[in-house]
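# Architecture and fold: a report
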Amino acid sequence: MVFEKFTANGALEGKSIIRMVQDQEGFIWFGAVDGLYRYDGNQVKEFRYDEEDSTSLSDNYIRALHVSSSGDLWVGTWNQGLNKYDPEREAFIRFQYQSGKASGISANSIEDLFEDSYGRLWVCTGNAGLSLFNEKNETFQHFVGPAYMKNDSLWRVVEDRDQKLWIGHRDGVDVLDLNTFEKADLPLEFDQLRTYWVTALHEDTKGDIWLGTWRNGLYKWDKNQKRLDKVRYSDGEEIIGVKDFFDGSDDNLWIAAGNLGFWNPEKNEVLAYQSAENADYKIEEVTNWPIMQDREGEIWVAGWNSISRYQSERAIWDYSYSKLFKEEPFFNDAILRILPDEKTGNLWIVWGDAIGYWDLSTQEIAYFDLQGKVEHKGESDFVRDIYLDTQGYLW
């Protein structure tokens, strides 16, 4: 599994990306520290603050991006409020804090944007709690203070399948009932997080809650076992600076915490991604924050001064990746092609000088080393692609 450095022909070279999102038209939006960038697959269009244009972005430092279920793009900034994108005019509608306006947004510092299962937009602020947006009259309802959360300096919010809103802040985490808007009680196990900055939250495919902290490690709340576990790297090191999570298929979970990590559920540990030793570009050498998968199956990882992309012609993310890390029994991690066998559900894998057949039911891989086995003179034994025909023959 090889990532490439993505610059959009230099237009995004050196950009520090905080958030990424793909809209319903297929555009990919990058929220950076110096503006908002829209990528259409070929070119990049830049959106920036213009003091002479009230319909421009309210600020260049982008902290949050969200595309609503109705297709609206929302942009949260570092200290100049919230913006809603108008695609017809390619302009923005601003929502900014105004002293004395009770129905306005509660602060200009926006850390996260989240849409709950009722289609309501929650605005997570950096110093004034939560603001719930009423789309009909464009007003905000505020949730501030100890009745709702221990600290109003928020980082992230996420809804679980029980319609509870988890709120990560500078004093751990709180939970809000989305039906009653009342603060829910948490088990005593969460007291250990009371002084931690919870910077990332995620509900995985099993319904467990992941809590990433800035300096104090990664935790997983097992809902069935009612247990809060600390999860570490496979070498025992703490996972700090957690910023984002991404669910692959087959219950696989990626973790962006400076480097990329992949959770091994059997060992309850995280494997750090490693590039091939001879790789021209090594993603682990850059600080990675947001991670996402677009509708074409490509994986995007962005961070400080860099954007990385993993291209997958046939959306191979839909298959199990627990073995795509640099560990036995894989031949190596310079994988050129993965081809599904639709009749068996297993995978053919190409490494160039070898082919493997991965039986997913047994997790065993049969290797076919091609070096020195080409029968015709002058032909290379390096395989770049394979094809499985309707008769079951592999070409």
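Whatever comes next refers back to the structure up there.
We now turn to the structure provided with this report. (Residues numbered from 1 in each chain as written. Predicted model: local features only at pLDDT ≥ 70, side-chain atom pairs only at ≥ 80, totals over all residues. Heavy atoms only, no water.)

Another point: the nonpolar core. Counting residues in each nonpolar core, the largest one holds 27 residues, and the members touching the most others are Trp 122, Leu 130, Leu 165, Trp 166, Phe 190 and Leu 211. If you list the elements that add at least two residues to this core, you get strand S11 (121-125), strand S12 (130-134), strand S14 (154-159), strand S15 (164-169), strand S16 (172-177), strand S18 (198-203), strand S19 (209-213) and strand S20 (218-222). In this structure, Ala 8, Met 20, Tyr 39 and Ile 307 belong to the second largest nonpolar core, which totals 14 residues. (Core = buried A, V, L, I, M, F, W, Y, C linked by side-chain atoms within 4.5 Å. Buried < 20%, exposed > 50% of the residue type's maximum accessible area, 1.4 Å probe, protein only. Helix = DSSP H or I, 4+ residues; strand = E, 2+ residues; numbered from the N terminus.)

Another point: the sheet that holds strand S8 (residues 82-86). Through backbone hydrogen bonds, the strands of a sheet pair up, either in parallel or in antiparallel fashion. Strand order in the open sheet formed by four strands is S6-S7-S8-S9, with antiparallel pairing between adjacent strands. Of all the strands in the sheet, the pair left with one neighbour each is strand S6 (62-67) and strand S9 (91-95). Here the average twist between neighbouring strands, direction ignored, is 25°. Pairing of S6 with strand S7 (residues 73-77), which is carried by five bridges, proceeds in the antiparallel orientation. When the bridges of S7 are listed, Leu 65 appears paired with Val 75. (Pairing = 2+ DSSP bridges. Axes fitted to C-alpha atoms, helices over the stretch in contact; angles between N-to-C directions.)

Okay, a nonpolar patch on the surface next. Side chains of Tyr 387, Tyr 393 and Trp 395 sit close together on the surface and give an oily, nonpolar patch of about 460 Å² of accessible area. With respect to the helices and strands, Tyr 393 occurs in the segment after strand S32 (364-369). (Patch = residues over 30% accessible without salt bridge, like charges linked within 9 Å, V, L, I, M, F, W, Y side chains within 5 Å. Areas by Shrake-Rupley, 256 points an atom, 1.4 Å probe, with all protein chains shown as cover. Salt bridge = Lys/Arg side-chain N within 4 Å of Asp/Glu carboxyl O.)

What follows covers the environment of Leu 394. Mapped onto the secondary structure, Leu 394 falls in the segment after S32. Placed 46 residues apart in sequence, Leu 394 and Trp 348 show a C-alpha to C-alpha distance of 9.4 Å. Every residue in contact with Leu 394, bar those within four places of it in the chain, is listed here: Leu 339, Trp 348, Ile 386, Tyr 387 and Leu 388. (Contact = heavy atoms within 4.5 Å.)

Each pocket or cavity is described by its volume, and for the largest pocket that value is around 820 Å³. Along the wall of the largest pocket there are 27 residues; nearest its centre are Arg 19, Phe 114, His 202, Asp 244 and Phe 245. Those elements that provide at least two residues to the lining of the largest pocket are strand S2 (17-22), S6, strand S10 (110-115), S14, S18, strand S22 (244-247) and strand S26 (288-293). With five residues, the top contributor of residues to the lining of the largest pocket is S2. Residues that form the lining of the largest pocket fall into these classes: 17 nonpolar, three polar and seven charged. (1 Å grid on protein atoms, 1.4 Å probe; cavity = no way out; pocket = protein on both sides within 12 Å on 5 of 7 lines; lining within 4 Å. Points joined across faces, edges and corners; volume = space filled by probe spheres on them. Nonpolar A, V, L, I, M, F, W, Y, C, P; charged D, E, K, R; others polar.)

Pairing is antiparallel across the open sheet formed by four strands, whose spatial order is S2-S3-S4-S5. Strands with a single pairing partner mark the edges of an open sheet, and in this sheet they are S2 and strand S5 (44-47). When the angles between neighbouring strand axes are averaged without regard to direction, this sheet yields 20°. In the sheet, strand S4 (residues 35-39) pairs with S5 via four bridges, with the strands oriented antiparallel. Across the sheet, the residue bridging to Leu 36 is Phe 47, located in S5.

Our next topic: the side chain of Asp 72. Assignment of secondary structure puts Asp 72 in the loop between S6 and S7. Taking relative accessible area as the criterion, Asp 72 reaches 19% and is therefore assigned buried. Polar side-chain contacts of Asp 72 include one of 3.3 Å to the side chain of Ser 70. Leaving out residues up to four positions away in the same chain, Asp 72 has contacts with His 66, Val 67, Lys 84 and Glu 135. (Polar contact = N/O pair within 3.5 Å; in protein donor to acceptor, adjacent residues only side chain to side chain.)

Throughout the structure, instances matching the rule amount to 21 salt bridges. The salt bridge partner of Lys 45 is Glu 90, with a shortest N-O separation of 3.7 Å. One end of the pair, Lys 45, is in strand S5; the other, Glu 90, is in the loop between S8 and S9, with 45 residues separating them in the sequence. Between Asp 229 and Arg 227 there is a salt bridge; the shortest N-O distance is 2.9 Å. A relative accessible area of 14% means that Asp 229 is categorised as buried. Through salt bridges with shared partners, one network takes in Glu 4, Glu 298 and Arg 309.

Attention shifts here to the packing of aromatic side chains. Per the counting criterion, the structure on display carries 27 aromatic pairs. Look at Phe 95 and Phe 140: their rings are 6.0 Å apart centre to centre, the planes differ by 75°, and that puts the pair in the edge-to-face class. Separated by 45 residues along the polypeptide, Phe 95 in strand S9 and Phe 140 in strand S13 (residues 139-143) bring together distant segments of the chain. Look at Phe 140 and you get buried, because its relative accessible area is 8%. Ring geometry for Phe 133 against Phe 140: centres 5.0 Å apart, planes inclined by 50°, an arrangement best described as tilted. According to the relative accessible area criterion, Phe 133 is buried, its value standing at 8%. Against the face of Trp 197 rests Arg 170, its NZ or CZ located 4.5 Å from the ring centre. (Phe/Tyr/Trp six-rings, centres within 6.5 Å; stacked < 30°, edge-to-face > 60°. Lys NZ or Arg CZ within 6 Å of the ring centre and 35° of its normal.)

By the element assignment, Phe 133 lies in strand S12. Separated by 10 residues in the primary sequence, Phe 133 and Val 123 place their C-alpha atoms 7.5 Å from one another.

Moving on: the side chain of Thr 7. Relative to the assigned elements, Thr 7 resides in the loop between strand S1 (4-5) and S2. Look past the residues within four positions of Thr 7 in its chain and what remains in contact with it is Leu 12 and Glu 13.

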